[in-house]
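Chain by chain, the residues run as shown.
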Amino acid sequence: MANITEIEVKVLEVGRPLLEHKILALGGEKEFEAEFSAILFDDAAGSIRGAGNLLRLRKEQDGVKLTFKQTVSTGVAKIMDEHETAVADFEVMRTILASLGYREMLALRKMRAQFSLDGQHLVFDKYFDELSHIPEFLEIEAQSEAALLELVDVLGIERGQVLPWNTHDLMVHYRKK
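Please read all numbers here as calculations on a predicted model, not as lab measurements.

(A) Here's a closer look at helix 1 (residues 16-25). Taken residue by residue, helix 1 has Arg 16, Leu 19, Glu 20 and Ile 23 as its buried positions. Within helix 1, the buried residues cover an arc of 100 degrees as seen down the axis, which keeps them to one side. For helix 1, exposure combined with an orientation more than 90 degrees from the buried face picks out Pro 17, Leu 18, His 21 and Ala 25. Residues of helix 1 that are buried make contact with strand 2 (29-42), strand 6 (103-117), strand 7 (120-127) and strand 8 (137-142).

(B) Here's a closer look at the environment of Arg 58. Within the secondary structure layout, Arg 58 lies in strand 3 (residues 54-60). Each C-alpha atom, one on Arg 58 and one on Gly 28, is 26 Å from the other, the two residues being 30 residues apart in sequence. With residues up to four places along the chain from it excluded, the contact list for Arg 58 reads Phe 36, Ser 37, Ala 38, Gly 63, Val 64, Lys 65, Phe 90, Lys 110 and Arg 112. Side chain to side chain, Arg 58 and Glu 60 meet in a polar contact 2.7 Å long.

(C) Here's a closer look at helix 4 (residues 145-154). Of all the positions in helix 4, only Leu 148, Leu 149, Leu 151 and Val 152 are classed as buried. In a view along the axis of helix 4, the buried residues occupy a sector of 160 degrees, so they form one face of it. Seen from the open side of helix 4, the exposed residues pointing more than 90 degrees away from its buried face are Ala 146 and Glu 150. Elements in contact with the buried residues of helix 4: strand 1 (2-11), strand 6, strand 7, strand 8 and strand 9 (162-163). Downstream of helix 4 by a residue or two, Gly 156 has a phi angle that is positive, lying close to 75 degrees.

Each value, and the rule that gives it
- Residues numbered from 1 in each chain as written.
- Predicted model: local features only at pLDDT ≥ 70, side-chain atom pairs only at ≥ 80, totals over all residues.
- Heavy atoms only, no water.
- Buried < 20%, exposed > 50% of the residue type's maximum accessible area, 1.4 Å probe, protein only.
- Helix = DSSP H or I, 4+ residues; strand = E, 2+ residues; numbered from the N terminus.
- Arc of directions from axis to C-beta.
- Contact = heavy atoms within 4.5 Å.
- Polar contact = N/O pair within 3.5 Å; in protein donor to acceptor, adjacent residues only side chain to side chain.

Written out as structure tokens, the structure is:
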């Protein structure tokens, strides 16, 4: 289905109404707002997350997808090679992964609102359930680090707020005391 290089950052504790207004005023478009659910898998040794990679089974508004993301580098942005394919049945794929020895490490649900602006994707995510204590954040995905930083500047986001984080990094940062 897709083999792409993903270049993205997270911006924490954003003021969504103001940023959403800026995105739309700059000619951006809202693509969708929907609930997503996913399960992150790893082997018994934890070698997938240990290598900075991700194996995910996700229900989206348009179906089910199995995704493997492999870290290329982490600097200004998190850069990952993403391999993704559509899956016909969530529960069957979940059973296949378990039968192959993969363990369910984290189940999550979130509300996602996705916008596009000049070929970049801007996504507001808010987790539910055990991750509901994590405030809504913005994820920006661009074709290059330069395009990403240009968009950050246009939106008036301080570069110090831009983090090359993954879900685990968010969980550690917002760990309940």
